Amino acid sequence: MKLRLRIWRQSGADAKGRMVSYELDDVSEDASFLEMLDVLNERLIAEGEDPVAFDHDCREGICGACSLVIDGQPHGPQAATTTCQLHMRQFKDGDSIDVEPWRAGAFPVIKDLVVDRSAFDRIIQAGGYISAPTGTAPDAHAVPIPKQDADAAFSAAACIGCGACVAACPNGSGMLFMAAKMAHLGLVPQGQPERSTRVLGMVAAHDDAGFGGCTNVGECAAACPKEIGLDVIGQLNRDFRKAAIRAA
């Protein structure tokens, strides 16, 4: 298929960016979106031009590295799919596709489509560690956990930290990411000792990093490639209120 790409190009964090158009012919519908960008970059390098910088790693929808806004949608038009797992059969011959980086104050652009997501690392660091005894691993049935809690914790732990929730949120909030990281520990016994200090520390780090506040718009859950729901944000709010009262 033949495509027209409009890609955000920005040479550095302090440089002025702009949308640049490229034409691509003979794009295979079986290629992934990132493979299509690889083809473009091979051509640009052969022509002596600077290739388009974009984040990627596993290309299996697991690592959370890929981070593109495609036609205004984080990760593109296919629901519950990361950019690396998005294939060109989702587009039509002759389509014009806009490709931009995550747009959020807490995610400054480094170059082209690459943004600095280290704010997420600082939130995780602020959460600290869980208390765990040393020694051999306990038997799987040593700590009984209700199946409903185990299932909810497992769903929250599916978060890959890609930042699509932030890019989709009109406030640039990282609440879904933060809530998922807290829920998968807060719902199991191993996460209880630090539950209060964890939520206070992570919320403070979230706000210090420049993320916006949550107003329950729901765009974050709609954009999440792992389909994490808004219920984890409700759990975070409950935990925060309890912890703040205890700390007062």
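Please read these numbers as outputs of a predicted model, since none were measured by experiment.

Caption draft 1: Broad picture of unusual backbone geometry. Its identity as a non-glycine residue notwithstanding, D26 has a phi of 55°, on the positive side. Checked against the element boundaries, D26 lands in the loop between β2 (18-24) and α1 (33-46). The exposed category is assigned to D26, whose relative accessible area is 75%. In this model, R59 sits at a positive phi of 55°, which is unusual for a non-glycine residue.

Caption draft 2: Representation of the nonpolar core. F107, I123, L176, M178, F211, V232 and L236 are the most contacted members of the largest nonpolar core, which has 39 residues in total. Contributions of two or more residues to this core are made by α2 (118-127), α4 (164-168), α5 (175-186), α6 (195-208) and α8 (231-247). Summarising the domain contributions, this core has at least three residues from each of domain 1 (3-111) and domain 2 (118-247). Ignoring anything within four residues of it in the chain, the contact list for L176 reads C165, C220, A221, C224, I228, G229, V232 and I233. Counting 27 residues, the second largest nonpolar core, distinct from the first, contains L3, Y22, L68 and I97.

Caption draft 3: The sheet that holds strand β1 (residues 3-9), seen in detail. Strand order in the open sheet made by the five strands is β2-β1-β5-β3-β4, with mixed pairing throughout. Each edge of the sheet is formed by a strand with only one pairing partner; in this case those strands are β2 and β4 (73-74). Along the sheet, α1 makes contact with β1, β2, β3 (68-70) and β5 (96-101), crossing β2 at roughly 90°.

Caption draft 4: Local environment of the domain arrangement of the chain. Domain annotation for the chain reports domain 1 (3-111) and domain 2 (118-247). One C-alpha centre belongs to domain 1, the other to domain 2, and the line joining them spans 29 Å. Contacts between the two partners involve 17 residues from domain 1, matched on the other side by 18 residues from domain 2. Interface of domain 1 and domain 2: buried area, both sides summed, is about 1200 Å²; carbon and sulfur atoms make up 67% of it.

Caption draft 5: Just the environment of A79, in detail. Counting through the fold element by element, A79 comes out in the loop between β4 and β5. Since its relative accessible area comes to 60%, A79 is described here as exposed. Through-space distance from the C-alpha of A79 to that of A244 is 36 Å; in sequence the pair is 165 residues apart.

Caption draft 6: Seen up close, the side chain of D112. Note that D112 resides in the loop between β6 (109-111) and β7 (114-115). Among the residues examined, D112 registers a relative accessible area of 2% and is labelled buried. A distance of 3.1 Å separates the side chain of D112 from the side chain of R9, its partner in a polar contact. A polar atom in the side chain of D112 sits 3.0 Å from the backbone nitrogen of A53. With residues up to four places along the chain from it excluded, the contact list for D112 reads W8, R9, Q10, P51, V52, A53 and P101.

Caption draft 7: Geometry of a positive patch on the surface. Taken together, the side chains of R238, R241, K242 and R246 make up a positively charged region of the molecular surface. Note that R241 resides in helix α8.

Caption draft 8: Region of the structure containing α5. An ideal rise of 1.5 Å per residue puts 16 Å on 12 residues; α5 measures up with 15 Å between its terminal C-alpha atoms. In terms of burial, α5 is a largely internal element, 10 of the 12 residues being buried. All of the buried residues along α5 are M175, L176, F177, M178, A179, A180, K181, M182, A183 and G186. Buried residues belonging to α5 abut α2, α3 (147-157), α4, α6, α7 (219-223) and α8.

Caption draft 9: Seen up close, the pattern of salt bridges. A full pass over the atoms with the stated rule returns 13 salt bridges. E194 is the partner of R198 in a salt bridge, and the nearest nitrogen-oxygen pair spans 4.0 Å. As far as burial versus exposure is concerned, R198 and E194 are alike and both buried. The partner of D239 in a salt bridge is R195, and the shortest N-O contact between them spans 3.0 Å. You can see D239 sitting in helix α8 and its partner R195 sitting in helix α6, a full 44 residues away along the chain. Classification of R195 as partly exposed rests on a relative accessible area of 23%. Residues participating in the shared-partner salt-bridge network are R9, D50, K111 and D112.

Parameters and conventions
Residues numbered from 1 in each chain as written. Predicted model: local features only at pLDDT ≥ 70, side-chain atom pairs only at ≥ 80, totals over all residues. Heavy atoms only, no water. Helix = DSSP H or I, 4+ residues; strand = E, 2+ residues; numbered from the N terminus. Buried < 20%, exposed > 50% of the residue type's maximum accessible area, 1.4 Å probe, protein only. Core = buried A, V, L, I, M, F, W, Y, C linked by side-chain atoms within 4.5 Å. Domains from an automatic or database assignment. Contact = heavy atoms within 4.5 Å. Pairing = 2+ DSSP bridges. Axes fitted to C-alpha atoms, helices over the stretch in contact; angles between N-to-C directions. Buried area = accessible area lost by both parts, 1.4 Å probe. Polar contact = N/O pair within 3.5 Å; in protein donor to acceptor, adjacent residues only side chain to side chain. Patch = residues over 30% accessible without salt bridge, like charges linked within 9 Å, V, L, I, M, F, W, Y side chains within 5 Å. Areas by Shrake-Rupley, 256 points an atom, 1.4 Å probe, with all protein chains shown as cover. Salt bridge = Lys/Arg side-chain N within 4 Å of Asp/Glu carboxyl O. Lys, Arg positive; Asp, Glu negative; His and termini not counted. Charge placed at Lys NZ, Arg CZ, Asp CG, Glu CD. Expected span 1.5 Å × (residues − 1).

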